[in-house]
Amino acid sequence: MYFLVNYKSINKLGMINLPKKWRAALGFQDGERVEIRMRRNEIWIIHGTNENYENQRFISSRGMVNIPAEFRRILEIDTDTELCIYAEVTQNAFIIKPYN
């Protein structure tokens, strides 16, 4: 797992920007449908599947993705929450964690 960004936050719409260099390295493309999962106190963003449409979002043309409101509520994430972003290369995933 690679540490990418520290102290990033979401905007008032619940969106976060995924670093362009790492989107390309992990095979994510603008307009792609991704699946967002919560594991413990982490939010995982993985490539979408056709099997499950629950908690799937699209990556915008600017590399933004919306974090589900339920996940933000459970993890107590708002616009003032400092977040860390990691890249899990072996699973082609982004991991977002609140900074403690």
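Look up a bit, the structure's there.
Attention in this report is confined to the structure presented alongside it. These numbers come from a predicted model, not from an experiment.

What counts as what
Residues numbered from 1 in each chain as written. Predicted model: local features only at pLDDT ≥ 70, side-chain atom pairs only at ≥ 80, totals over all residues. Heavy atoms only, no water. Buried < 20%, exposed > 50% of the residue type's maximum accessible area, 1.4 Å probe, protein only. Helix = DSSP H or I, 4+ residues; strand = E, 2+ residues; numbered from the N terminus. Pairing = 2+ DSSP bridges.

### Some words on the pairing of strand β4 (residues 42–47)
In the case of a regular strand, side chains alternate between the two sheet surfaces.
Piece 1. Of all six residues that make up β4, five are buried, and the element is covered over most of its length.
Piece 2. Sheet topology note: the strand β3 (residues 33–39)/β4 ladder contains six bridges and is antiparallel. Looking across to β4, one finds that Arg-37 is bridged to Trp-44.
Piece 3. The turn joining β3 and β4, which pair antiparallel and follow one another in sequence, is formed by two residues; a positive phi near 55° is taken by Arg-40.
Piece 4. Sheet topology places β4 next to strand β8 (residues 93–98); three bridges connect them, and they run antiparallel. Looking across to β8, one finds that Trp-44 is bridged to Ile-95.

Fair warning: the whole summary comes from geometry, so function is off the table for now.
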